[in-house]
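# Working through the structure, step by step
Here is how the chains run, residue by residue.
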Amino acid sequence: MQEDDEEDILAPQLLYTYETSMFGFAVHLSKKHLKYLNQVDGFLSAIPDELSTLHTTYSPHFLGLRNGRSLWSASNLATDVIIGVLDSGIWPEHISFQDSGMSPVPSHWKGVCEKGTKFSSSNCNKKLIGARTYYKGYEKFFGKKINETVDYLSPRDSEGHGTHTASTAAGRVVKNANLFGQARGTASGMRYTSRIAVYKVCWSSGCTNADVLAAMDQAVSDGVDVLSLSLGSIPKPFYSDSIAIASFGATKKGVFVACSAGNSGPFPSTVGNGAPWITTVAASSTDRSFPTKVKLGNGKTFEGSSLYQGKKTNQLPLVYGKSAGAKKEAQYCIGGSLDPKLVHGKIVACERGINGRTEKGEEVKVAGGAGMILLNNEYQGEELFADPHILPATSLGASASKTIRSYSQSVKKPTASISFMGTRFGDPAPVMAAFSSRGPSLVGPDVIKPDVTAPGVNILAAWPSKISPSFLMSDKRKVLFNILSGTSMSCPHVSGIAALLKSFHKDWSPAAIKSALMTTAYTLNNKGAPISDMASDNSPFATPFAFGSGHVNPVNASDPGLVYDISTKDYLNYLCSINYTSSQIALLSRGKFVCSKKTLLQAGNLNYPSFSVLFGRSASNASVTYRRVVTNVGNPQSAYAVKLEQPNGVSVTVEPRKLKFEKVGQKLSYKVTFLSIGGARVAGTSSFGSLVWVSGKYKVRSPMAVTWK
């Protein structure tokens, strides 16, 4: 819904009607019309439209996926699963979307391939089976038509983001993929035989909820099996969160929905897309990096990261951006802020933030600089982005950046050099990205969010031929693949893996697939140590508020042993337990649902594969008991024993301590009691543990987070 500030009585303009995953409509109204509408009997609510933002090869290998084995065996890959990607469109001619050797389009597909600017129905094929465009909300939000000189009024991608995410989820196998010779190898989506249906909802300035809702509603009607949304906005109650509302309806119809957690880390309680029926994905690194070496005139060296392809620099004069121009913006190397007299022939150290990382390099180059060093602040930690800079440039972590600032301002003639080391494998991984949004959830603190983490740092994937890899207009380089970072990149990994699991287990619900992903996720890196955090300054280890249940493990998720299933009624009871009103619940349920007055509902009883416990800070000896039900999907006859890692300050007991199954599909319940011990706690502190059901090869793990309010 969009309001006019004017009180002129203009005729309301209907933009969309929503009929599949929810009931409703998007309309452009004056305030007076809205007032009349609120008086109509049966009208539930009007949610103002807002802008969401995009959360911006080697991954299959890192995730344990191999051709001809297990999940990538021919029999499994032959089935038809459709992934709906809501993003900035697609570049249909890309080799990643060719359909050679593919079977006919699945019979349950009801979608279309819309014509538009430089896009025709012939751009779709047996791989890219559908493409639609949504822009009415965007045009109304900005009050002007889409500029077709900078964007395509069609499913064609003018940003690159949608092409990148679609190929990550389901791009075909492409050998010898690389970016300027870096990251060379075979590129492939997580489920490379899946069909792709593209819904272009994002434009140069973002994505409006009216358009996103319309696309989600249509995608479910079209017949998608998985929805992938690498976009979102600030956390808000589920009844006023358009993505939460539409995804509830999609989940109800058996569609798995994966969303990015957001790029507002490392600050706490920034995680978005936190509805419990959504699989919320954080971002972490793989063990592949693109190292550089920065050497100062005093002999100190530091490791950074860059995709610049060229020779190393000589030892050159070094200037800190703050000292390289009269304007305050000079420390960030913003356009027009640097003085050519002060930077000519020098390496400029620029603070990260405000403008784009490659934009800073462009400003340095325009001002006559010979190189650039990007400096992290303490919040950005040791997070290193590899960017395709247009001059010799590298990023550095917070500790090195601190030294560079001090050195450049304390030495009379500071110098530095940058050398480029190519592609390296074998780094400790995964490591949580500092940018990845964190829990605890502001909206639903009774559920740990995000749910899992997946590769989202320096990800190589398909790229439109007409968009420069650096996003700079001055950059005339053309590439087939580009490297990007963001939870936008981690989300389609999980979407593709969900498609794999869906083809392996056709009868599994979205909740069962999510459970399998969560309970088989791992929390140790490839060196056997706990997963660390690029942003941590005190403890180097990440927590479930950063990675949820851990890093996804597709092979183990295909055979998890037990799953925690959740019905639509369970979700609605959860909404009752967090005191949503009947009208608020009706926005999600699409029908009448009356909260039980007989049963005392508690949010912690949602049959979620993790445990989030909230205590008052002075609640010594306070206790809560949660109930869970697990379904056997492993060995018919099996016995599971519980193994506990108790959070600090909490005593945990499980009843019963053993679960004995006689057949596949059998459900058994257990109870977990959490007792707060050890006196008063500082408000906002948390401790973590885990509960694991063990039976032979199966280890069904649930993280526990206890927070004192």
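On a predicted model such as this, the values are computed, not experimentally measured, just so you know.

### Notes on the packing of aromatic side chains
- Counted under the stated rule, the structure contains 21 aromatic pairs.
- A ring pair is formed by F267 and Y379, whose centres lie 5.1 Å apart and whose planes are at 50°; its orientation type is tilted. Of the two residues, F267 is situated in the loop between strand 13 (256-260) and strand 14 (279-284) and Y379 in the loop between strand 20 (371-375) and strand 21 (393-396); the sequence distance between them amounts to 112 residues.
- In this structure F267 comes out as partly exposed when scored by relative accessible area, which is 40%.
- The exposure class of Y379 is partly exposed, given its relative accessible area of 44%.
- Taken together, a centroid distance of 5.2 Å and an interplanar angle of 85° make the contact between F545 and F688 edge-to-face. With F545 in helix 13 (residues 544-547) and F688 in strand 36 (residues 686-695), the pair connects residues that are 143 residues apart, well separated along the chain.
- Classification of F545 by relative accessible area gives buried; the value is 8%.

### Observations regarding the sheet that holds strand 32 (residues 638-645)
- Pairing is mixed in the open sheet, where five strands are placed in the order 30-37-36-32-34. Two strands lie at the open edges of the sheet, namely strand 30 (611-615) and strand 34 (658-661), each paired on one side alone. Pairs of neighbouring strands in the sheet enclose a mean axial angle of 20°, with direction left out of account.
- Alignment of strand 32 against strand 36, held across five bridges, turns out to be antiparallel. Paired with E645 across the strands is S690, a residue of strand 36.

### Notes on the packing of helix 6 (residues 209-222) against helix 7 (residues 242-252)
- Taken N-terminus to C-terminus, the directions of helix 6 and helix 7 make an angle of 5°; their axes are 10 Å apart at the nearest point. Between helix 6 and helix 7, the interaxial angle falls into the category roughly parallel. Every residue of helix 7 that contacts helix 6 at N209, V212, L213, M216 and V220 is listed here: S242, I243, A246, S247 and A250.
- Residues belonging to the contact of helix 6 with helix 7 are distributed by class as follows: seven nonpolar, three polar and no charged.

### A few points about the state of the cysteines
- Inspection of every chain in the model, using the stated rule, returns four disulfides.
- One disulfide in the model links C113 with C124; its S-S distance is 2.0 Å. Judged by the torsion about the S-S bond (80°), the C113/C124 disulfide is right-handed. Of the two residues, C113 is situated in the loop between strand 5 (82-87) and strand 6 (128-133) and C124 in the loop between strand 5 and strand 6; the sequence distance between them amounts to 11 residues. Each member of the pair C113 and C124 is classed as buried.
- A sulfur-sulfur separation of 2.1 Å characterises the disulfide bridge that pairs C202 with C207. Disulfide C202-C207: torsion about the S-S bond near 100°, hence right-handed.
- Residue class for C202 comes out buried when judged on its relative accessible area of 1%.

### Examining the side chain of K514
- Summarising the element assignment, K514 is placed in helix 12 (residues 510-519).
- In this view, K514 contacts F256, P276, W277, I278, T279, K449, D451 and Y608; residues no more than four positions away in its chain are not counted.

### What about the confidence of the model for the protein?
- In the predicted model, the protein carries a mean pLDDT of 88, and 88% of its residues have values of at least 70.
- This model gives residues 1-9 a pLDDT under 50, and the stretch forms 32 contacts once residues within four places in sequence are excluded.

### Thoughts on the pattern of salt bridges
- This model, assessed by the stated rule, comprises 16 salt bridges.
- Across the pair D533 and R438 runs a salt bridge whose closest N-O atoms are separated by 2.6 Å. A residue pair is termed long-range when its members are at least 10 positions apart, and D533 in strand 28 (residues 532-533) and R438 in the loop between strand 24 (431-432) and strand 25 (452-455) qualify at 95 residues.
- Since its relative accessible area comes to 10%, D533 is described here as buried.
- Several salt bridges converge on common partners, so that one network encompasses E114, R132 and D222.

### A short note on the nonpolar core
- Ranked by internal contacts, the top residues of the largest apolar core, which has 88 residues, are L227, L229, F238, W277 and L575.
- With seven residues, helix 6 is the single largest residue contributor to this core.
- Shared between two domains, this core takes at least three residues from each, and those domains are domain 1 (53-285 + 430-555) and domain 3 (561-566 + 607-708).

### Describing the side chain of S305
- Looking at where S305 falls in the secondary structure, it is placed in strand 17 (residues 301-305).
- In this structure the side chain of S305 is engaged in a polar contact, spanning 3.3 Å, whose partner is the backbone oxygen of F290.
- For S305, the residues in contact, after removing those within four places along its chain, are F290, T292, L384, F385, A386, T394, S395 and N458.

### Some thoughts on the environment of F541
- Tracing the backbone shows F541 in the loop between strand 28 and helix 13.
- Taking relative accessible area as the criterion, F541 reaches 42% and is therefore assigned partly exposed.
- Along the sequence, F541 and M432 sit 109 residues apart, while their C-alpha atoms lie 9.1 Å from each other.

### A look at unusual backbone geometry
- Following A429, the chain continues to P430 via a peptide bond in cis, the omega torsion being 0°.
- Mapped onto the elements of the fold, P430 is located in the loop between strand 23 (424-425) and strand 24.
- With an omega of -5°, the peptide bond running from E655 to P656 counts as cis.
- Assignment of secondary structure puts P656 in the loop between strand 33 (650-655) and strand 34.
- Positive phi, close to 70°, is recorded for F471, a residue that is not glycine.
- Mapped onto the secondary structure, F471 falls in the loop between strand 26 (459-462) and strand 27 (481-484).
- The residue N579 is not glycine, and still its phi comes out positive at about 65°.
- Looking at where N579 falls in the secondary structure, it is placed in the loop between helix 15 (568-577) and helix 16 (582-589).
- For N579, a relative accessible area of 66% corresponds to the exposed category.

### Points about the environment of S612
- With respect to the helices and strands, S612 occurs in strand 30.
- For the pair S612 and V447, spaced 165 residues apart in the sequence, the C-alpha separation amounts to 5.4 Å.
- When residues no more than four places from it in sequence are discounted, the contact partners of S612 are P445, D446, V447, I448, Y626 and A705.
- Among the polar contacts listed, one links the side chain of S612 to the backbone oxygen of P445, at a separation of 2.6 Å.

Cut-offs and rules
- Residues numbered from 1 in each chain as written.
- Predicted model: local features only at pLDDT ≥ 70, side-chain atom pairs only at ≥ 80, totals over all residues.
- Heavy atoms only, no water.
- Phe/Tyr/Trp six-rings, centres within 6.5 Å; stacked < 30°, edge-to-face > 60°.
- Helix = DSSP H or I, 4+ residues; strand = E, 2+ residues; numbered from the N terminus.
- Buried < 20%, exposed > 50% of the residue type's maximum accessible area, 1.4 Å probe, protein only.
- Pairing = 2+ DSSP bridges.
- Axes fitted to C-alpha atoms, helices over the stretch in contact; angles between N-to-C directions.
- Parallel < 35°, antiparallel > 145°, perpendicular 65-115°, else oblique.
- Contact = heavy atoms within 4.5 Å.
- Nonpolar A, V, L, I, M, F, W, Y, C, P; charged D, E, K, R; others polar.
- Disulfide = S-S within 2.5 Å.
- pLDDT = per-residue confidence, 0-100.
- Salt bridge = Lys/Arg side-chain N within 4 Å of Asp/Glu carboxyl O.
- Core = buried A, V, L, I, M, F, W, Y, C linked by side-chain atoms within 4.5 Å.
- Domains from an automatic or database assignment.
- Polar contact = N/O pair within 3.5 Å; in protein donor to acceptor, adjacent residues only side chain to side chain.

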